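# What the coordinates show
Listed here are the chains, written in short residue letters.
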Amino acid sequence: MKVETDLRAIKALAHAMLELDIEQTRFSPLVVKHPFTDNGISGVRKPDGSLAIADLLNKPDDLALWRKQVGSVIDEADSAFQIYMMVTKSYALGFLKFARNSLSEKDFAGILADAWIRTEAPNNDPNLSKRDLLSLFKATDPALLMDEEDYQQFQDLDDVVTVYRGVTSMNAKNVKALSWTLDRDTAEWFAHRFGENGNVYEAQIQKQHIYAYFSGRNEDEVIVDPKHLTEITQVQAMEHQVMGGLS
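Everything numeric in this text was worked out from a predicted model, so none of it was measured. (Residues numbered from 1 in each chain as written. Predicted model: local features only at pLDDT ≥ 70, side-chain atom pairs only at ≥ 80, totals over all residues. Heavy atoms only, no water.)

Glancing now at the pattern of salt bridges. All chains considered together, the criterion is met by 3 salt bridges. In this structure, the salt-bridge partner of lysine 138 is aspartate 225, at a minimum N-O distance of 3.7 Å. Here the residue lysine 138 occupies a position in helix 6 (residues 130-138), and aspartate 225 occupies one in the loop between strand 9 (221-224) and strand 10 (230-235), the gap between them amounting to 87 residues. Here aspartate 225 falls in the buried class, since its relative accessible area comes to 3%. In this structure, arginine 184 engages glutamate 188 in a salt bridge whose closest nitrogen and oxygen atoms are separated by 3.7 Å. With arginine 184 and glutamate 188 both in helix 9 (residues 184-192), this residue pair falls 4 residues apart, about one helical turn. Using a relative accessible area of 22% as the deciding quantity, one classes arginine 184 as partly exposed. (Salt bridge = Lys/Arg side-chain N within 4 Å of Asp/Glu carboxyl O. Helix = DSSP H or I, 4+ residues; strand = E, 2+ residues; numbered from the N terminus. Buried < 20%, exposed > 50% of the residue type's maximum accessible area, 1.4 Å probe, protein only.)

Side chains of Phe27, Leu30 and Val31 sit close together on the surface and give an oily, nonpolar patch of about 300 Å² of accessible area. Within the secondary structure, phenylalanine 27 sits in the loop between strand 1 (23-24) and strand 2 (32-33). (Patch = residues over 30% accessible without salt bridge, like charges linked within 9 Å, V, L, I, M, F, W, Y side chains within 5 Å. Areas by Shrake-Rupley, 256 points an atom, 1.4 Å probe, with all protein chains shown as cover.)

Before going further, it helps to examine the packing of aromatic side chains. Per the stated rule, a full pass over the model turns up 5 aromatic pairs. A ring pair is formed by tryptophan 116 and phenylalanine 137, whose centres lie 5.1 Å apart and whose planes are at 85°; its orientation type is edge-to-face. Within this pair, whereas tryptophan 116 is found in helix 5 (residues 105-118), its partner phenylalanine 137 is found in helix 6, the two being separated by 21 residues in sequence. The exposure classification of tryptophan 116 matches that of phenylalanine 137, with both residues buried. (Phe/Tyr/Trp six-rings, centres within 6.5 Å; stacked < 30°, edge-to-face > 60°.)

Attention now goes to unusual backbone geometry. In this chain, serine 28 is followed by proline 29 through a cis amide linkage whose omega measures 10°. Counting through the fold element by element, proline 29 comes out in the loop between strand 1 and strand 2. Phi at aspartate 220 is positive, roughly 45°, even though this residue is not glycine. Tracing the chain through its elements places aspartate 220 in the loop between strand 8 (210-214) and strand 9.

This is the structure in structure tokens:
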């Protein structure tokens, strides 16, 4: 990483991602996959200044106009974080992966923390393996990654920490993931969301293999190196109740 963010390089990366094809889904045009849009229909401003609806999937001229206008916003951005916030959730971590060498350590840490929390299922990101994801956390200073309160909680962790993870049929094969929680009730919620009768796992891990603690979304989440988890056992489900929203 750089001492100062190379904003010019970040903008070049964003422009390259903007040119990627829009991937259709079975819910198209309402739901598509692209770094800068989740919808195949978008608002644009016509040359006369009026607003119009652009069909990004079926009208090449509309797509070209949309790309031009998004590109102008990229060019006018004052920071890497401003550009990152334009990127859709499903591409947030992928953007960070490629922007990594052009970011300052502070900007990298800030974007990583936000991307991890805002991404729905970061452990299942198709653009990054577990090794890739873990390398992002290993590459940054924990003091920059967390706010003051979370960092204090992180520092106060015991030398050996008990952690929990709740899984459903959707991620039952991903027990050894990066996301665990210090709170069993939270793991219970994840095991039973979507009306499923999932499983809760308990494990032990040494503090030195924990790279972050996030209290956001009330999940008491810890980011761990899963290869260092020990004593992984399935625990008996408790009476659960619906609560807040690990992925």
